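Coordinate analysis (summary)
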Protein chains: 2
Amino acid sequence: MARGVGSSDGKRRPITARELARMIGVSQSAVSRAFTPGASIAAELRQKILKFAEEQDYHPNAIASMLSKSRTNIVGIVVSDMSNPFYPALIQKLSQGLQRIGLQSLLFNITKGSNIEEQLSALRRYNVDAVIVISATMLSGATLHWATEGRAAILINRVVEDADINCVCCDNVEGARAIADHFHELGRRRVAYVSGLSHTTTNLERQNAFITRIAELGMTLTGRVDGGEYSYEAGRRAALEIAAKNNADAIFFANDILAIGGIDALREDVGKRVPEDISVAGFDDIPMASWPHYALTTFRQPLDEIVTVVVGMLEDGSCQPGQPSSVRRISGGLIVRHSTGPLG
Amino acid sequence: MARGVGSSDGKRRPITARELARMIGVSQSAVSRAFTPGASIAAELRQKILKFAEEQDYHPNAIASMLSKSRTNIVGIVVSDMSNPFYPALIQKLSQGLQRIGLQSLLFNITKGSNIEEQLSALRRYNVDAVIVISATMLSGATLHWATEGRAAILINRVVEDADINCVCCDNVEGARAIADHFHELGRRRVAYVSGLSHTTTNLERQNAFITRIAELGMTLTGRVDGGEYSYEAGRRAALEIAAKNNADAIFFANDILAIGGIDALREDVGKRVPEDISVAGFDDIPMASWPHYALTTFRQPLDEIVTVVVGMLEDGSCQPGQPSSVRRISGGLIVRHSTGPLG
DNA sequence: CTGAAAGCGCTTACAG
DNA sequence: CTGAAAGCGCTTACAG
């Protein structure tokens, strides 16, 4: 076998509990108990052992612990698209939230094309305690089931109502309605909608709520384009398409990165003024949305609350396989900026 | 103990090698060998076992394997700042590169303020095979040594020449000189420099090379500001400071996200034209650098090559503790865009 | 090539 | 409260 990571040259083996126990003259069980909160061990013995451990730089081997407790304290985080700036922010907050309750994050970056089950096989072999799926797209229902069966699982920003699975999701209906209402108040009447991936639940919820609401308000849907992905480039292409075919005076993009691409296309490629000629709104409130050139009106996804709910479910065990699954909708908030100013 | 992730309710225990072996009527060793590439086992036996395994949905338990091989196939990735869009892109490519050679990524998101060694303690307890440190900042030399001692380690974009540690880094000197040369060709003569964190090696290299080069070229350094962090907001603040005090006709920002903030401040807050009044260049080539409003001239960090080199070092074992450490400089490339157009 | 057995370093009933 | 011992599910010399 090739050398490479893990070959043993140069690595000093760390000291074990048994060795430490022998040095102190206690049993190995005692050492284990000293490191187990709530274990039945005399306070002084624990102190003594911890002191020696410190001196000898002993740390319990987590791998051995995993094996005997059949619990890893590892959460698998399944992601597919870090190019949408919304995800890095979420992942960062999430992994920090998990760290706070003693859970580590094992990152699974799935890519289109290659065999996804193969990419996720480590999820099962490593016996992660829980799976958090952030990639709204990419995973079919079957793969999702396969990847999460028999273990705690939470989907973020993807909803599967029928299947027995936990979902934590921004309130897309609330958000899409808020955008529609906002367009209406601004006097916009010919609106268009741009989706990222039309079949995703995130999109369906936003799209249906938006279209329903504009109909209620007596506005016209002048165009609907599917970008094919949630990206800056897709937003540009979609905006061009809408500008070419429709006379929309407002566009709601399914998320911010699409909207930002859209604004650039409208201004740079088509020569439209945003917002004077056409209002643009997005969804998420990524950092770039507040950059002055875009000043994008958007519906904020409450990252902190989402993370709090997810971490809470992991902490209280309510996402365990035995438990009834739930769909948690987290309320967001409309952020009005310049991209939806008055007609000019 | 509280319920929570890992409590056993509802989880079916997966089948073990011993159970599978009994079903087939072979030894447990045989099952293990069937799953070990290169193990001495008859081809037919292996096929038979793999077939049964498939049927019974048996997968070797990676935790047990880790314990007996004392090798985890896990790489700890230490990150501190995912808000700079350069890092998500790097992490994504890196984790995919690692996955390709069978390594999983355990993410460590360290945060200012709290105890870093505590946050990194899992790095040791989990016995990761290797540590990749991406956070240029945050880690003191001592912490770095503590976190990586005795195991394979690679620093990305941070260089510690004296310590015995592996570094993979974009050629900052090449990049900073290229920017200086480019400013000079454009006829700019009064240049300023903005750092993110002045004490980081990344900054020192870029700054020193830049300042040295402009001196060689007979240009004047009219200002130097430290942003205090690599962020959009810091870039804005720094640009304002420079605009207020100096009459610079070009600014080199230590990275793109600073430069983008700088452009916005110059245009929105100070009313300067970029590039007609002042040229702006950055470093990294993040996606936003190519957005038309910024069209930022920058020095591209070759992400793919960096990842290739890192993965290669992990694969061939050259980053093992026993091996001599090395500093690998990866060559980048100047990307000229509109932000450094001719004087207007 | 194959199996029995020791061992990886913990946890945790069990008995005292 | 404490220790001896079985067990977590693999890997891998060792003997055949």
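These figures come from a predicted structure and were not determined experimentally. (Residues numbered from 1 in each chain as written. Chains lettered and ligands numbered in written order. Predicted model: local features only at pLDDT ≥ 70, side-chain atom pairs only at ≥ 80, totals over all residues. Heavy atoms only, no water.)

1. Thoughts on the overall build of chain A
Note the cut-off: Helix and strand assignments come from DSSP, with helices taken as H or I runs of at least 4 residues and strands as E runs of at least 2, each series counted from the N terminus. Note on method: radius of gyration uses C-alpha positions; expected globular size equals 2.2 Å times residues raised to 0.38. Only protein chains enter the calculation, and the probe is 1.4 Å; a residue is then buried if its accessible area is under 20% of its type maximum, exposed if over 50%, and partly exposed in between.
Secondary structure summary: chain A contains 12 helices and 12 strands in total. Its C-alpha atoms give chain A a radius of gyration of 26 Å, more than 25% over the compact-globule value 20 Å for 344 residues. Expressed as lengths along the three principal axes of its C-alpha atoms, the size of chain A is roughly 85 × 45 × 40 Å. Considering chain A as a whole, with its 344 residues, one finds that 55% of them fall into the buried category.

2. Section: helix α10 (residues 232-245) of chain A
Residue and element names in this part refer to chain A. For clarity, the threshold we go by: To estimate the expected span of a helix, count its residues, drop one, and scale the result by 1.5 Å. Contacts are assigned to residue pairs with any non-hydrogen atoms lying within 4.5 Å of each other.
With 14 residues, α10 extends 20 Å between its outermost C-alpha atoms, agreeing within 8% with the 20 Å of an ideal straight helix rising 1.5 Å per residue. Among the residues making up α10, those that are buried are Tyr232, Ala234, Gly235, Arg236, Ala238, Ala239 and Ile242. Turning to α10, the residues buried within the fold contact β6 (190-195), β7 (220-226), β8 (250-253) and α11 (256-269).

3. Examining the pattern of salt bridges
Basically, it comes down to this: Any carboxyl oxygen of Asp or Glu within 4 Å of a side-chain nitrogen of Lys or Arg constitutes a salt bridge here.
According to the stated counting rule, one finds 28 salt bridges over all chains in the structure shown. Across the pair Arg124 of chain A and Glu149 of chain A runs a salt bridge, and its minimum N-O distance is 3.6 Å. Of this pair, Arg124 of chain A sits in helix α6 (residues 116-125) while Glu149 of chain A sits in the loop between α7 (141-148) and β4 (152-156), and the two are 25 residues apart along the sequence. The class for Glu149 of chain A is partly exposed, based on a relative accessible area of 26%. Across the pair Asp285 of chain B and Arg337 of chain B runs a salt bridge, and its minimum N-O distance is 3.0 Å.

4. Digging into the protein's contact with DNA strand D
To be explicit about the condition: Throughout, the term near means that a residue has one or more heavy atoms lying within 4 Å of the molecule or strand in question. N or O atoms within 3.5 Å of each other form a polar contact, as long as, within protein, one can give a hydrogen and the other can take it, and as long as residues adjacent in sequence are counted only when both atoms are side-chain atoms.
The environment of DNA strand D is formed by 26 residues, the closest being Ser27, Arg33 and Ala42 of chain A together with Gln28 and Ser32 of chain B. For DNA strand D, the fraction of protein-proximal atoms (within 4 Å) that sit in sugar or phosphate groups is 62%. Between Ser29 of chain A and DNA strand D, the recorded distance is 2.9 Å, taken from a side-chain N or O atom to a base nitrogen. When residues of the surface near DNA strand D are traced back to their parent elements, those giving at least two are α2 (28-34) and α4 (62-69) of chain A together with α2 (28-34) and α4 (62-69) of chain B.

5. Comments concerning α7 of chain A
Residue and element names in this part refer to chain A. Three or more residues of α7 are buried, namely Thr143, Leu144, Trp146, Ala147 and Thr148. Structurally, α7 contributes buried residues whose contacts are with α6, β3 (130-133) and β4. Once α7 ends, the next one or two residues include Gly150, with phi positive near 75°.

6. Notes on the UniProt feature "domain: HTH lacI-type" (unreviewed entry) in chain A
Note the threshold: UniProt positions are given in the numbering used here, feature names are shortened, and annotations may be inferred rather than shown by experiment.
Under the UniProt annotation, "domain: HTH lacI-type" (unreviewed entry) lies at residues 15-69 of chain A. Counted over residues 15-69 of chain A, helix gives 67% and strand 0%. Its end C-alpha atoms are 21 Å apart.

7. Details of the packing of helix α1 (residues 17-24) of chain B against helix α3 (residues 43-56) of chain B
Residues and elements named next belong to chain B. Defined as follows: For every element, the axis is a line fit to its C-alpha atoms; helices are fit only across the contacting stretch, and the angle between N-to-C directions ranges from 0 to 180 degrees. Two helices cross in a left-handed way if the nearer one is turned anticlockwise from the farther one by less than a right angle. They cross in a right-handed way if the turn is clockwise.
For the pair α1 and α3, interaxial distance at closest approach is 10 Å and the crossing angle is 115°. Here α1 and α3 pass one another in a crossing that is right-handed. Counting all contacts with α1, which are made through Leu20, Met23 and Ile24, the residues of α3 involved are Lys48, Ile49, Phe52, Ala53 and Gln56.

8. Considerations on the protein's contact with DNA strand C
As a reminder, the rule being used: Residues are sorted three ways: Asp, Glu, Lys and Arg are charged, Ala, Val, Leu, Ile, Met, Phe, Trp, Tyr, Cys and Pro are nonpolar, and all the rest, Gly among them, are polar.
Taken together, the neighbourhood of DNA strand C is formed by 25 residues, with Gln28 and Ser32 of chain A together with Ser29, Arg33 and Ala42 of chain B sitting nearest. At 3.4 Å, a backbone N or O of Ala64 of chain A approaches a base nitrogen of DNA strand C. Of all elements in the fold, only α2 and α4 of chain A together with α2 and α4 of chain B reach the threshold of two or more residues within the surface near DNA strand C. Taken together, the residues of the surface near DNA strand C break down into 10 nonpolar, 11 polar and 4 charged.

9. Some points on unusual backbone geometry
All names here are of chain A. A cis geometry characterises the amide bond from Val274 onward to Pro275, with omega recorded as 10°. Among the structural elements, Pro275 can be located in the loop between α11 and β9 (279-284). If you check the backbone angles, Asn157 has positive phi at about 60° while not being a glycine. With respect to the helices and strands, Asn157 occurs in the loop between β4 and β5 (166-170). By relative accessible area, which is 5% here, Asn157 ends up buried.

10. Quick look at the domain arrangement of chain A
The cut-off we apply is this: For the purposes of this description, domain bounds are those given by an automatic or database domain assignment.
What the domain assignment reports for chain A is domain 1 (17-60), domain 2 (74-170 + 303-330) and domain 3 (172-300 + 333-340). When each unit is reduced to the centre of its C-alpha atoms, the spacing between domain 1 of chain A and domain 2 of chain A is 36 Å.

11. Some words on the side chain of Thr148 of chain B
All names here are of chain B. Within the fold, Thr148 resides in helix α7 (residues 141-148). Looking at Thr148, its side chain comes within polar contact range of the main-chain oxygen of Leu144, at 2.8 Å. Residues within four places of Thr148 in sequence aside, it is in contact with Val131, Ala153 and Ile165.

12. Details of the interface of chain A and chain B
Put simply, the rule reads: Two parts lose some accessible area (1.4 Å probe) when they are put together, and adding that loss for both gives the buried area.
In this assembly, 72 residues from chain A lie in contact with 72 residues from chain B. When chain A packs against chain B, close to 6200 Å² is buried across both sides, 58% of that on carbon and sulfur atoms. For the pair chain A and chain B, the interface holds 2 salt bridges. Between Arg124 of chain A and Asp57 of chain B there is a salt bridge; the shortest N-O distance is 3.4 Å. Where chain A touches chain B, the interface holds 19 residue pairs in polar contact (both at pLDDT 80 or more).

13. Comments concerning the sheet that holds β5 of chain A
Counted only if it meets this: A pair of strands counts as paired when DSSP detects no fewer than two bridges linking them.
Sheet architecture is open: 12 strands sit in the order β11(A)-β5(A)-β4(A)-β3(A)-β1(A)-β2(A)-β2(B)-β1(B)-β3(B)-β4(B)-β5(B)-β11(B), paired in mixed fashion. In this open sheet, the two edge strands, each paired with only one partner strand, are β11 (327-330) of chain A together with β11 (327-330) of chain B. Across this sheet, the average inter-strand angle for adjacent strands is 20°, counted without regard to direction. Its contacts with the sheet place helix α6 (residues 116-125) of chain B against β2 (104-109) of chain A together with β1 (74-79), β2 (104-109) and β3 (130-133) of chain B, and it is angled at close to 160° to β2 of chain B.

14. A look at the pairing of β7 of chain A
Residue and element names in this part refer to chain A. We count it as follows: A crossover gets the label right-handed when its path from the first strand over the helix to the second runs clockwise, viewed with the strands pointing away from the viewer.
For β6 and β7, the ladder comprises 6 bridges, and the chain directions are parallel. The residue bridging Arg190 from the neighbouring strand is Thr220, located in β7. Traced from β6 through helix α9 (residues 201-216) to β7, the parallel crossover comes out right-handed.

15. Details of the confidence of the model for chain A
Short version of the rule: Confidence of the predictor in every single residue is expressed as pLDDT, which spans 0 to 100.
Counting all residues, the mean pLDDT for chain A is 92, and 96% of those residues have values of 70 or more. Low confidence marks residues 6-10 of chain A, where pLDDT is under 50. Its contacts with residues over four positions away, or in another chain, come to 11 contacts.

16. A look at the relation of the copies chain A and chain B
Under the convention used in this document: Least squares is the method used to superpose the copies, on C-alpha atoms of residues holding a pLDDT of at least 70 in both.
For the pair chain A and chain B, the relating rotation is 180°, the translation along its axis is 0.0 Å, and the fit reaches an RMSD of 0.0 Å. Here the two chains are linked by the operation of a two-fold rotation axis. No C-alpha of chain A approaches the rotation axis more nearly than that of Leu106 of chain A, which lies at 2.2 Å. The residues that chain A uses at the interface reappear at the interface of chain B in 100% of cases, marking a shared surface.

17. Considering the nonpolar core
Quick note on the threshold: Note on terminology: a nonpolar core comprises buried Ala, Val, Leu, Ile, Met, Phe, Trp, Tyr and Cys residues joined through side-chain atoms within 4.5 Å.
Counting 152 residues, the largest nonpolar core has Phe210 and Trp291 of chain A together with Phe210 and Trp291 of chain B as the members making the most contacts within it. Residues contacting Trp291 of chain B, with those up to four places away along its chain left out, are Tyr232, Ile257, Ile260, Asp264, Met288, Trp291 and Tyr294 of chain A. In terms of nonpolar packing, the next biggest core, distinct from the first, is built from 54 residues, Val78 and Phe108 of chain A together with Val78 and Val131 of chain B among them.

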